[in-house]
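These are the residues of each chain, in order.
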Amino acid sequence: MIILSIICAIVTDNMGKVSSAILGGATDAIQLLISMAGMMSLWTGLMKIAELGGLTAILAKFFKPILKRLFPDYPEDSPAIKAICMNITANLLGLGNAATPMGIKAMKEMNKLNKDKSVANNSMIMFIIFNTSSIQLIPTMMSVLRQKHGSISPFDVIPAILLTSLCSLIIGIIATKISEK
Amino acid sequence: MTKLSFYILPTIVFLIIIFGFFKKVPLFDSFTVGAKEGLISTFSIAPSLIGLIVAVTMLRESGALDILTSTISPVCSFLGIPKETVPLMLLKPISGSGSLALVDSIFKSFGPDSFIGRVASVMMGATETTFYAIAVYFGAVNIKNTRHAVKCALIADISSFILSVLFVRLLFS
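Residues numbered from 1 in each chain as written. Chains lettered and ligands numbered in written order. Predicted model: local features only at pLDDT ≥ 70, side-chain atom pairs only at ≥ 80, totals over all residues. Heavy atoms only, no water.

A. How the structure looks around the packing of helix α8 (residues 115-126) of chain B against helix α10 (residues 149-171) of chain B. Residue and element names in this part refer to chain B. Where α8 meets α10, the axes come as close as 9 Å, and the angle between the chain directions of the two elements is 135°. The angle between the axes of α8 and α10 places the two elements in the oblique class. Here the hand of the crossing between α8 and α10 comes out right-handed. Contacts from Phe115, Arg118, Val119, Val122, Met123 and Ala126 in α8 reach Ser160, Phe161, Ser164, Val165, Val168 and Arg169 in α10. (Axes fitted to C-alpha atoms, helices over the stretch in contact; angles between N-to-C directions. Helix = DSSP H or I, 4+ residues; strand = E, 2+ residues; numbered from the N terminus. Parallel < 35°, antiparallel > 145°, perpendicular 65-115°, else oblique. Left-handed = near helix turned anticlockwise from the far one by under 90°. Contact = heavy atoms within 4.5 Å.)

In C-alpha cells:
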C-alpha cells in the first residue's frame with residue numbers, strides 16, 4: 001500500500017500531502033487507541049462480570065434448539081455442540097478473547113468425527129459462516145469510534161447493524177445449504 | 001429513535017451489575033480482571049494499527065484511493081452503495097485494524113452521523129474479518145480442502161454490504 005501510494009503521488013503530484021500523511025498517521029493511530037482504550041476496558045470489565053455470572057452458559061442453553069437443526073451431524077449433547085454454543089454466545093456478547101479459543105475447540109471436536117480429516121464437513125462450514133457474519137448485540141468498538149468523532153447518538157446504528165448481520169447470516173446459511181448438495 | 005438509544009448503555013450497565021450481584025460474582029474484582037484484558041488487547045493492535053493508519057492515510061492523500069474507487073464505483077452506484085465505502089468493503093474481509101483505520105478516516109471526512117458515516121458503521125459492525133477467521137479455524141485443525149466455505153462466507157459478506165446501505169436508508173430517512 002505504501003509503495004503504491006508513493007508511486008501514485010509521483011504521478012499525481014501529491015507528494016506534499018503524502019509526506020504529512022506519514023507524519024500525522026502514526027500520531028493518529030496512537031490517539032485513536034488512547035481514545036478507545038478507556039471504553040473498551042470498561043466494557044470488557046463489565047462483560048467479565050456477566051461471563052463469571054454464567055450469562056454465556058444461560059444464553060448457550062437458549063440457542064441449543066436452533067443450533068441442533070443446523071448441525072445435524074452431531075448429537076445434541078456432544079462436546080462439539082457445546083463448544084459451538086459457547087463460541088456463538090461469546091461472539092454475541094462481543095467477547096472476542098473468549099470466542100476464538102472456544103471456536104478452535106469446536107473445530108477440533110467436529111474434526112474428531114470427520115471422515116476425512118483434511119476435508120471440511122458440512123457442519124464445519126456452517127460454523128465458519130456463523131463466525132464470519134459477526135452477530136454482536138452491542139458493537140462496542142464501532143460505538144466508541146462514533147462517539148470519538150462526535151456522534152450525537154453513537155448507538156443509533158445498532159438496529160441497522162443487527163438487521164444487516166442477521167439477514168446476511170440467513171443468506172449465508174441458505175448459500176451453505178444449497179452448496180452442500 | 002435517538003432519544004431511545006440514550007437509554008441503551010445505562011440500561012445494559014445496570015442489568016449486568018444487577019445480574020452479577022444476584023449471581024454473587026465478586027463485582028469489582030471481576031471487573032478489574034476483565035478491564036485489564038481489554039486494555040491489553042486494545043493496545044496489542046497498536047503496532048499493526050500504526051502501520052496501517054499511515055498506509056491508509058498515504059493511500060488517501062496520494063490519490064490512489066480515488067483511482068481505485070472510481071474504477072469500481074459504476075457497479076456500486078448501480079447498487080446505491082456510496083463510493084467512499086468501496087475501500088472498506090475491499091479491506092474488511094482481510095484486515096480488522098486496516099478497516100478500523102478506514103472507518104476512522106471516513107468519520108474524519110464525513111462525520112459519523114452522515115449517510116456515508118452510518119453506512120460505514122453498519123458495514124464495519126455487521127461483518128467480520130472473513131479470511132482471517134477461515135484461516136484461524138481451518139488452520140487449527142489442519143483442514144486443507146475448505147470446499148464451499150470461502151464462497152458462502154463471501155456471499156454473506158457481499159449481501160451484508162448491500163443490506164447495510166438498504167437498512168441505513170430505511171431506518172434513517
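B. Region of the structure containing the layout of surface pockets. Looking at the largest pocket, its volume works out to about 1400 Å³. Along the wall of the largest pocket there are 46 residues; nearest its centre are Gly96, Asn97 and Met141 of chain A together with Glu128 and Thr129 of chain B. Counting only elements with at least two residues in the lining of the largest pocket, the list comes to α2 (15-52), α5 (96-112), α6 (122-132) and α7 (140-148) of chain A together with α3 (27-44), α7 (96-110), α8 and α9 (130-140) of chain B. In this structure, the second largest pocket occupies an estimated 310 Å³ of space. In terms of lining, the second largest pocket is formed by 15 residues, of which the most central are Leu55, Leu93 and Leu137 of chain A together with Ile12 and Ile16 of chain B. Listing elements by their share of the lining of the second largest pocket, those giving two or more residues are α2 and α3 (55-70) of chain A together with α2 (8-22) of chain B. It is α2 of chain B that contributes the most residues to the lining of the second largest pocket, six residues altogether. Of the residues in the lining of the second largest pocket, the class split is 13 nonpolar, two polar and no charged. (1 Å grid on protein atoms, 1.4 Å probe; cavity = no way out; pocket = protein on both sides within 12 Å on 5 of 7 lines; lining within 4 Å. Points joined across faces, edges and corners; volume = space filled by probe spheres on them. Nonpolar A, V, L, I, M, F, W, Y, C, P; charged D, E, K, R; others polar.)

C. Broad picture of the interface of chain A and chain B. Taken together, the contacts link 93 residues of chain A with 87 residues of chain B. Counting each side, the surface lost to burial between chain A and chain B is near 7600 Å², with a carbon and sulfur contribution of 77%. Our count for the contact surface shared by chain A and chain B stands at five salt bridges. Arginine 146 of chain A is the salt-bridge partner of aspartate 113 of chain B, the closest N and O atoms lying 3.0 Å from each other. For the side of chain A that touches chain B, the elements supplying multiple residues, two or more each, are α1 (2-12), α2, α3, α5, α6, α7 and α8 (158-180) of chain A. (Buried area = accessible area lost by both parts, 1.4 Å probe. Salt bridge = Lys/Arg side-chain N within 4 Å of Asp/Glu carboxyl O.)

D. Fine view of the nonpolar core. Ranked by internal contacts, the top residues of the largest apolar core, which has 39 residues, are Leu145 of chain A together with Met123 of chain B. Looking at this core, the elements that each hand over two or more residues are α2, α7 and α8 of chain A together with α4 (46-62), α6 (86-91), α7, α8 and α10 of chain B. With seven residues, the single largest contributor to this core is α8 of chain B. Grouped together as the second largest cluster of nonpolar side chains are 36 residues, Ala80, Ala106 and Ile173 of chain A together with Ala149 of chain B included. (Core = buried A, V, L, I, M, F, W, Y, C linked by side-chain atoms within 4.5 Å. Buried < 20%, exposed > 50% of the residue type's maximum accessible area, 1.4 Å probe, protein only.)

E. Just the packing of helix α4 (residues 79-92) of chain A against α5 of chain A, in detail. Residues and elements named next belong to chain A. Running from amino to carboxyl end, α4 crosses α5 at an angle of 155°, the nearest separation of the two axes being 8 Å. By the angle class used here, α4 and α5 are roughly antiparallel. Here α4 and α5 pass one another in a crossing that is left-handed. Side by side, α4 and α5 meet where Pro79, Ala80, Ala83, Ile84, Met86, Asn87, Ala90 and Asn91 of the first sit next to Ala98, Ala99, Met102, Gly103, Lys105, Ala106, Glu109 and Met110 of the second. Broken down by class, the residue content of the contact of α4 with α5 amounts to 11 nonpolar, three polar and two charged.

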